[in-house]
Every structure is written in structure tokens, then in C-alpha cells.
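So you can see what is in the structure, the chains are spelled out below.
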Amino acid sequence: MYRKAIIVLLVVLLAGCWDERLYKNSSVVSLAGIEGTMGEYKGYYAYPKTLDKQSQIMLIEAEGISPRDVRNNADLKVEQTLDLSELATLLISIDTVKEPLYDLLDIYFRDPQNPISIKVAVTEGSVKPFIELTKEVTDNAGGYYERFIESTEKNTIYPKLNLQMIGSTLFDNAKDIAIPYIKMDEEEHSAEAAGVALFSGQVFTGKILDPKQSFYMLLLMDKANQHARIQYMLKLNNEDVPVTGEVIHLKRKWIINEEMKKITMDFKIDVEIEEFSKNHLYKEETFKTIEEMFQQKIQADFEEVIKILQEQESDTLGIGRYIRAYHPKFFEEDWREQFASLTIEPKVKVTIIRTGILR
Amino acid sequence: MNFSLSKGQFFLLLFFIETGIIYISFQTPLISESKNKAWVLFIVATILHYLVLLFFERYYRYFYLNTFFQWVYKVYWFLMIATFLAYMVYVLASWVLPQTPEWIIILFIVALSLYGNISRPETVINIGVMFIPLIFIFIIFLMLAVPDLTWTNLLPLEFNNSKEIIQGLIRSVFAFMGAEMYLIYRPFLQKELTLNYKPILIYQLVIFVFYLISVMFSQMFFTIEEIKLVPEPIIYILKSQEVTFVKRLDIFFVYIWLSWSIITVLIFNLTIRVVHFGIGKKGSKKAIVFYHILLAIIPLFFVKFKVIETMKNSFHYIILIFTFLLPILIILWNKWRGKTCIEKQ
Amino acid sequence: MNKVELMMKSLQKAFNQSSDFTVRQVDWREGTSAILCFYSSLVDAKEAQKLLDTIYARLDTNKPFWSETIMTTLKAFSLPQAIEHICNGETLIIIPDTGEMLSLTIVNRVHRNPDEPNNEHVLRGSHEGLVESVETNLALLRKRIHNPSLVVKSFSIGKETNTKAYYLYIDRVIKAETLAEIEKRIDAINIDYFYSVGQLSDELEDSVWSPFPQLLNTERPDRVVANLVEGKVVLITNISPTALIAPVTFFSFYQSPDDYNGRVLVGSFYRIVRLMSFIAAVFLPAFYIAIISFHFEVLPLELSNQVKNDVNEIPYRPLIEALILEIIMELIRESSIRLPQSVGQTIGIVGGLVIGDAIVSAGLVSNLMVIVVALTAISSYVVPSVELNTSIRMLRFPFMVLASLFGFFGIVIGVVVLLIHLINLSSLKQPYFSPIVPFQPKEIYKVFVRGPFFKPTVQVTSFSSPKDDSVKNGDTP
């Protein structure tokens, strides 16, 4: 009796149970990329492999008819189990997002093991070079792009996003998404933050905002992050002077005029001067001029960004959500068309509140 | 069954009965039926629940169950627990243990319930205490999601669709399932303790805040189209949060929810035991063991997506009848006849 | 053969001709003789001789109470009583003519100094310890409580060994049901040969098979006194320095006299640290195993890479890996207890440095597992009580097995079973897991915090909630 019990116990202890996934038997993918179109997707998975205590990034390439199929095919090429539960970044080719985005993301939402707090970025052209690039610069492929995107978010170029927020916005017809866009710098052979890709609903509009425009879009969204630097070449006394200001506070107020279909946006921006080599800020006159010039320039840039957004029918600012909540009668089901037809007028008021430690 | 409860224990029991199991999921049907005004409807439902509790407190003496109704309730609770067990297993299987056979998980949970229920009743009554800190942790980590919330999702409030309003109110009863046990445990409260509106109000406020956070968070975190796809919104919110030392909070919280729900199962079974064996009598262990064997078998037939869906779409009516309508009818009937429940000796 | 010689023969026979049994004929009053008998091993011969001289001097004066001094008594002779007296270490003078016996209670007490017990060191406070002698122990306790309400009741354990034992309590503080219960259990003791205090605690415990000790063992008089004033019963025996205290709660094992000798904040901080150590000692290896083999997705990316590198080349499953290390750990512990202190350090170095380092470089065990097991071991030694410490170290094995079978699900199952067991457990029929059961919200903080003044807490006697106002609790959970 005892002997039998001991044998059973041993078998159980040595074999483990149904749901066991031994960590040492899994290939932990931290960076995944996908490209191609429905029916002929191509996926890339980067995972670290340790040889003689030296970890090295391996790249697996697979094709398939659906994102899940791609993953299954990739699993065939790995000696351990392909495991995406430690995924940190997902890269998608710009050509792929011309089709509905959720088709690609569904597997990430449905599978309980996939994290949804990961970063997503759209790449210029194929994703392959972007993933291969990580072999040289890091031993942690996903972590590299995660840090890359996070630091760019801190500089108010990329919006603060993760997979879950993207998914949430895709289901909302009153707001659109702008996904980080990464470009390859051919000469330096490194990735470069190149603005954001505008989406209208599920699909990419084809328009990419450059970093500067994307910065103003984020200011319009009132999403200034740790560093939000405004830089202009100002003409002072017929002289070109570079001036940089850091946004300290930003106050936004939307006034909606339902009859005239007009939205007035009042911005009050408090700025600290970070660069001004002429050093005459204590002069009332210079101070005022700079404030005014900033005001005009920012207003012009705001108008430009809003114009692009309206042209692309991409309401990344979330005006739709605001109108749906506070002016539900004004909100139409086909919000994107209505958004494009609105008159949107930004009004900017800039105040310089600090000048650094110099006057 | 002979035991006495202090106020704290009494409300602790009620808290675990009402919040266990459904806390992570009742938001989905509520919000997808009543849209943006879900949270307002939920507040209304809570006020109604408070009134019902006050009514129960006032007339609990008249809640006398004859043998027929005792069996009705016993069968109702049994089926309730069986389906909830099935639901627990379903959630575990879809979130964390996809390969483990269902019967093993059910067997373990039922075995725990058996162990707890062949012990003294005080064991089941007090075990919840150890899980109070975990529930606080639950709330604290839920608060991490605050920066990701969209506050405009709470609006607009339009009250012109009466179907949505009624559906929303009815689906809110999920949150207060098991309130009839107030009547079962009330006679066990220590004699010299009286409950007036105040302790009930405090209890009601605690449970209200606890629930409202979950309703408002899921409403603000998800868009309405999205929440229709997410059956366990609270766990899903936790899944999307990341803290420095833990990447996947949801895994921990599924298990916290599990232990919390096991307590609820224990308490439900204690209730059946109390009603079956009556006050002052010692129950036979054989009956308890037999009951648990049944409980280990029945849920196996329910662990299917279709059944779980049906349960979600129809249970609120059953709960409405057994938790609120039937007790009120019994109380009124007994009051009219002038018959009172036997008070605790 | 005269009467005296006959008697000496029968005495020799009664004591089985034991060589340390001395029986001699001595001269007595007016030419008669008496028999002097004693165990030479038990009697302090020098003192006995002094006393005998006094008696002799009195003998000739014919005073009526010549025999009475502090240490002598005169009784009618009977053989069984004589045997009992001699066994107790008394010197006996049998006067066959009058049929009387004179007993001299001069016992050569063998015991050591009341040094601080090795297993219960404190930094501040009293450094006295109980010893293997009831009289000394009682003196140590009486020194601390100058009050007649400290009641000492004696009883003997072991039908054959007849060991002396005492139970102590403070009248008016102890609850009647506690006293009745302990007396009932003492009456029920059925031991023939008593030689270890473990026998006594097995007889007195409510559930012998539970891993948790239901009697508090201590060798510190100050800890005994602190428990006496809380209304507990203390049992001490003549053969062991250990005092058994009942009824106790789980949390009293986590309290140390240091808490009260130190300052309020410091005492509370270390009490919380100790309670945290319980969680670490029981769950840490199980938690690690569950993560490594079931839920590694909870690790943040940076950490996960490190862990992956570390565990990648380990040939064994995490459970086996953990068991190897745990067993080594337990071996080191056992061997260092047995060995003399000077060699003990060698074991520490061999075990800790040599095996610890070599086993990692040999690739049998990962670095992280070494850290986890070491941390667990340290946490388990934090408990001030030796018994609970050993129980806790044992408890983590079932948790490790459960974790390796079902991951966190196994741990949840284990936790619920453990909790139900703890809540069911009683010590002298009184709840062991108080103040969790019965739930008293206002008492719970005392588990974590040592209050600013020392007011004895009263143990709850029943599993249902107390009804008096002082412990009535708040409103909502």
C-alpha cells in the first residue's frame, strides 16, 4: 500500500501537471513583428538564446495566412516552445495597417497569456531590418524598442500608448488613434522616431505626421509629457535668433457652438525659456515680442495640424468623445465625416513664466 | 447548529456572500444593457437594496420557512453554487489553467468546502477575516488604472429609453445576490445587539463604494462596444496595468478572486447546512459529505461557454425572485397570518 | 539475629542491594541501636552529619520535642513510606524499639546555575533561565511575583518514575474553565516512565497531529511571569528547564520579551518583521517554484531575462532543485546542533560556502534558488519559539509540492487548508487563532503592534464571539 502511494507520488512529482510551462523550456519572445496582408502574413520573432553564458538574439521568420497561423508556423522552427508572454514590443509594417488593424491584434487580446501593456509601433517598410538591428545594439530586443518608444514619449513626440489603449480606441467611433512611426536611418543604421501614423477608424489614412506636427498634435490633446519643447527661429531686429521654450502648464478649453458647427479652442500655455542667446529678456519689450511671436507661431502650427487631421478624417484629439458626452444631440453616428466638416479655431495665449536661471 | 454572531461577523458574512464570485464580471451585462447611464442606475439599485435590507431588518422575525420553502431554498442555493462553481472553473480555465481538467479543480474546491463545513460553524464564519487585506490590495491595484480612464465615458446620461433603464436595474441585482441570507443569519446575531439603520447604512456604504468603483472603472476604461467583448472587465483592467516588480497583475488577482470566491462557496454551503439542520441541532457528517459529493458532480455539466452565457443572461431574473420577491412575499404572508420565526434560544 | 539486623536485611532487599544505598546500625538512646539508611548519591553527607550531631545532643536531654527541627520529622514507621522518603533523597533513622522513624530532609540538589537559556537569547532584559530543579525555578518565579495569589499545585507524573511536577496559576486572573480543563487533563495523564517534557506536552495538547505547537515552551522566567499574569497555566517539571504554557494563541509564539524590553516603535517594527518572516518562510520557495514552472509571465522583462539565463541549463525540475537545497539546508542545521560549537563553525563554512558555491557552478541548482532557500531559512529562524520554527520549516514542503503541481492554484488550496486548520485548532479548548477567530477587529492590531503600556491581554475562551462590551467590535468589515 505504502509502496504504491510512494510510486504514485514520485510519478506525479517527476512529471508535473497539465498546465506546467517550465521557464527553461520556453523561448521567451520579447519583440515580434508582422507584415504582409490578409492571407499572406509574414511574422518575425526575436528571442534571446544563451550560449556559454553569452546571450544572443535569435530571429525566427515565418509565413502564414493569419497572425495566429504565422505564430504556429514560427513555433515549428524553434527547438523550445515559442512563448509570447514576455512580449514587450510589437512592430507592424506600414503597408499592413492599410487593412483593419484589429485583425492583427485579436490574438493578442484573446490569449490570456499575452500581455496587453506592450508598446506598438508602425515601421517604414518591412519590419525585418528593424528587428535585425537589435542584434547589434542590445541583448534584449523588445526592451530596446520599449525604451526607445518610452523615451520618445517623454519628449512629447509619441503619444503615451499601449496595446490595450489602442484596442480600446479602435472600438470607439468618437476617437481615432495615432501610432508611433519608426523610420530607418540608412546612414547611421539605427532606428529613428519619425512622427506618428494617423488612423481613421481601423485603417491607416496614409498620412504621417512628422515629429514636429505630432508634437503639436499632442499639445492640442493636452498630453504634454515630461519634456515638451517648443523651438522657433524668431526674427528679432532683423536677426534670426533661435528660441526654445519648455511648456510648463497647458490649459485647454473647448467652446462648442452647435449652430455654427464651430469649435473654439482656448489654449493658455505657460512657458519657460530654455534657450535665448541674446539675453535681453529683462527688457519688457523683448519679452513681449517673444511672447507674441510664440503665440502666432504656435497658433499657425496648431491650425496646420488640425487641417491635416480634418482632411484625413482622423479625430485623434478626442473631440468626438467630448461632444458625445456634453452635447449628445450634436453628435452624429458618422462622427468622422462630421469632424471633417467642423470649423475648428485654436486660440493661443502664451505666457513666459520663467527664464531659467538667467534673466 | 448553534453559534452566535457579532455585528462585525454578521456583516462580514454578508459582504462575502454578496461580493464573492460575481465581483469581477457583473459589470459587463450591466453596462452593455444600460450603456453610459449604468453607474447612475447602479446607484439607484443600491438605494433600493438598502431599503430592502431595512425592510428585512424590521420584519426578519416573520421570515419563517416551512419545510416546502426550506427545500425550495436549499435546492435554489445548491443549483446556484453548482453554477457558480462551473463559472469559477470556466474563468480559471480561460485565464490561467487551460489544460487542467475541470473535475480536478472542482474536486479541490469542493474538498475545501467539505473540510470547512465539517468543522465548527465558527470556522466558516471567521475565515473571511484573513482575506480582507487582500480585498484592499485588490482596490489599491485597481487604482493604478486611474490615469488610463476616460472620464467622458460616464456621459451622456439620457433617460428616455425605459427598456434600457429597467434592464440596467434588473441586472444590478447580480451585485446583491444572496441578500436573502440576511434573514437566515439575522436570528443568530447576539441577542443584546440591535441593528438600526446606521450599521446597515455603513455596511451598505462600504459595499456600495466597493461596487461603484468597479462599475465606474469598467465603464471609463472600456468603450461600450469593447466591454461587450470583455466578460471579466476587472481582471482585464488589471491585466493592462504594469507595476515595476510585477508585469502581470491579473494572474495574482485571478487567484485572489478565487480564494475570495472559495470563501463564498463555503458560506453558501454553511447556509444550506444551517437551514437543513436547524437551530440548536447538531448535523450529521454523512449528510454533509453526501451533499458535497453531489456538488462535485453537478457543476461538471455546466462548464461550457453556452451554459455560462445562458446563466449570465438569465440569472438576474432568478436572483430577483429568490433574493427579493420571495422573501418579501413570505414575510408579508406570515405577518398577515401573525406567525413569527422561532427566535434563537 | 536481633530485630535490628533483621530489619536491615529487609531494607537491603527492598532496595535491591543497590550499591549506593547505605544502611548502618548506629547507637541510640540508652544502649539501644537504630538504623541509619539513605541513598549516598542523594544526600548531602556533611550537612546531614551536622544535623545528626544536633539531634544527638538533644537526645540526651530528654526534651519532649527533641526531634523537631526545620528539616526533620518524626513519624510512625512503615516500610512503603520509608521507601518513598529514601527515594526522595531523605536520610532516615529507624528506631525499631519505639517503631518510629526520623527523616532528615537534606537533599544534595544537583542542578546548574540559572544561566540564560541558549535557545532564547534576548538583547535586553533579564538573563536568568529556568533550571532542572523545581525549587530553584519556583524561587525564580516567586522572586518576580510577591503575592500569595500565585498558586503552586503539585502532582506527580509517571506511575513508576514518580517525577515531581507543578502547575502554577494566578488566582482571580485565571478563568475557571481553563483551570478545570487543565486539571482534567492532568488527571487523565497515563504515563509509566516519565523522562521527557515532550511526553507531557503530547498528553496535554488538543491535537497531537497538528504541525502547530499548542503549548508554549519557554525557559525564561520573565516570559513565564508575563504569561501567568495573562491568566495562563504554567507547568514545570523537576527534570527539565522547560516550562509549558497553556492556553496560547498562534501569535504569542511570535512575541518575544525583547518587544517589551525595547521601545514601543522598535518593538512593534520587529514584531511586524517577524510576522512577515512567517509568510516568507512558508511561501517563498513555493512561490518561486510556481513562477518558474507556471507563471513566468508575471516577471518584468529585465528580471525575466536574468532568470531565464540562470535557470536555462539546470537539468532538474524546479521542485527537485528546491528539494536538493532544502535537504542540504536541513542537514547543515542538524549537524550544527549536534556538533560542539568549535566544530560547528566549520560546518557552517563547508555547508554555506563550499556546497553553496560548488552546487551552483556544478549546474545542479540555480543561483536564484540558492537565494530563495537561504532567505527562507533565515526567515524561519526569526521565530522566537523553537517548536514553531521547526513546524514552519516543515510546512513549506507541502506547499512546494502543491506549487509544483498546480502553480498558484496549489498555493491557494494550501493556504485555505492551512487557514481552516488554524481556525479549527484549539489550545485547552480555547481558540488558537484568536483574535481572528472569533473575529475581534479591535484586538487585531495587537498582533502587529506592541502597545505602549503593558496591559495583559485576556485570552478568548470560546469560539463564538465574546459578549462583553470591552471586546465588542465595530460595525462593518
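Keep in mind it's a predicted model, so treat the numbers as computed, not measured.

A few words on the sheet that holds strand E14 (residues 343-354) of chain A. Residue and element names in this part refer to chain A. Strands sit in the order E11-E12-E13-E14 across an open sheet of four strands; the sheet is mixed. Either end of the sheet is taken by a strand with one partner, and the two such strands are strand E11 (229-236) and E14. Direction aside, neighbouring strands of the sheet carry axes that sit 40° apart on average. Here E11 runs beside strand E12 (residues 239-257); their pairing, made up of eight bridges, is antiparallel.

The element strand E5 (residues 100-104) of chain C is largely enclosed, with a buried count of four among its five residues. Between the antiparallel neighbours strand E4 (residues 91-95) of chain C and E5 of chain C lie four residues, among them Gly99 of chain C with a positive phi of about 70°.

Before going further, it helps to examine the sheet that holds E4 of chain C. All names here are of chain C. The antiparallel open sheet is built from five strands, whose spatial order is E1-E2-E4-E5-E3. Edge strands, defined here as strands with exactly one partner in the open sheet, are strand E1 (21-27) and strand E3 (72-76). Neighbour-to-neighbour, the strand axes of the sheet open up by a mean angle of 20°, direction not taken into account. Pairing geometry for E1 and strand E2 (residues 33-39), over seven bridges, is antiparallel. Residue pairing across strands places Arg24 opposite Leu36, the latter belonging to E2. Where helix H2 (residues 45-59) meets the sheet, its contacts fall on E1, E2, E3, E4 and E5, and the angle it forms with E5 comes to roughly 135°. On the sheet, helix H3 (residues 79-87) packs against E1, E2, E3, E4 and E5 and is oriented at approximately 50° with respect to E2.

You can see Asn424 of chain C is positioned in helix H15 (residues 408-424). Note: C-alpha distance between Asn424 of chain C and Val437 of chain C (13 residues apart in sequence) is 9.0 Å. Setting aside its immediate chain neighbours within four residues, Asn424 of chain C contacts Tyr115, Ser119, Arg120 and Thr123 of chain B together with Phe463 of chain C.

Once that is clear, we can look at the domain arrangement of chain A. Residue and element names in this part refer to chain A. Taken as a whole, chain A is organised into domain 1 (21-209) and domain 2 (212-359). Put simply, the middle of domain 1 and the middle of domain 2, counted by C-alpha atoms, are 32 Å apart. Every contact between the two is made by 25 residues of domain 1 and, on the other side, 29 residues of domain 2. For the domain 1 and domain 2 pair, buried surface summed over both sides reaches about 2200 Å², with 53% attributable to carbon and sulfur atoms. Among the residues of domain 1 in contact with domain 2, Thr156, Asn173 and Leu209 are the three that bury the most area, contributing 29% of the side total. Across the contact surface, domain 1 and domain 2 share three salt bridges. Its salt-bridge partner being Arg324, residue Asp172 comes within 3.3 Å of it at the nearest N-O pair. For the interface between domain 1 and domain 2, the tally reads twelve residue pairs in polar contact (both at pLDDT 80 or more). Every element with two or more residues in the side of domain 1 that touches domain 2 is listed here: helix H5 (141-154), strand E9 (190-200) and strand E10 (203-209). In terms of residues, the side of domain 1 that touches domain 2 owes the most to one element, E9, which gives five residues.

Now for the interface of chain A and chain C. Between chain A and chain C, the contact holds 29 residues from the first and 27 residues from the second. If you look at where chain A meets chain C, you find two salt bridges. The closest approach of N and O atoms between Arg317 of chain C and Glu20 of chain A, which form a salt bridge, is 2.8 Å. Where chain A touches chain C, the interface holds eleven residue pairs in polar contact (both at pLDDT 80 or more). Only helix H1 (2-15), strand E1 (26-28), strand E3 (40-51) and H5 of chain A provide two or more residues apiece to the side of chain A that touches chain C. Examining the composition of the side of chain A that touches chain C, we find that four residues originate from one element, H1 of chain A, more than from any other. Grouping the amino acids of the side of chain A that touches chain C by side-chain chemistry returns eleven nonpolar, eleven polar and seven charged.

The next subject is the pattern of salt bridges. Residues and elements named next belong to chain C. Within the structure shown, the criterion is met by 45 salt bridges over all chains. With its nearest N and O atoms 2.5 Å apart, the salt bridge here joins Lys143 to Glu128. One end of the pair, Lys143, is in the loop between helix H4 (134-142) and strand E6 (150-157); the other, Glu128, is in the loop between E5 and H4, and 15 residues separate them in sequence. On the accessibility criterion, Lys143 (44% relative accessible area) is partly exposed. For the salt bridge of Glu128 with Arg144, the shortest nitrogen-to-oxygen distance reads 2.9 Å. Of this pair, Glu128 sits in the loop between E5 and H4 while Arg144 sits in the loop between H4 and E6, and the two are 16 residues apart along the sequence. On the basis of relative accessibility, which here comes to 26%, the residue Arg144 falls in the partly exposed class. One continuous salt-bridge network, built from bridges that share partners, spans Glu181, Arg185, Asp206 and Lys429.

Reading guide: rules and limits
- Residues numbered from 1 in each chain as written.
- Chains lettered and ligands numbered in written order.
- Predicted model: local features only at pLDDT ≥ 70, side-chain atom pairs only at ≥ 80, totals over all residues.
- Heavy atoms only, no water.
- Pairing = 2+ DSSP bridges.
- Helix = DSSP H or I, 4+ residues; strand = E, 2+ residues; numbered from the N terminus.
- Axes fitted to C-alpha atoms, helices over the stretch in contact; angles between N-to-C directions.
- Buried < 20%, exposed > 50% of the residue type's maximum accessible area, 1.4 Å probe, protein only.
- Contact = heavy atoms within 4.5 Å.
- Domains from an automatic or database assignment.
- Buried area = accessible area lost by both parts, 1.4 Å probe.
- Salt bridge = Lys/Arg side-chain N within 4 Å of Asp/Glu carboxyl O.
- Polar contact = N/O pair within 3.5 Å; in protein donor to acceptor, adjacent residues only side chain to side chain.
- Nonpolar A, V, L, I, M, F, W, Y, C, P; charged D, E, K, R; others polar.

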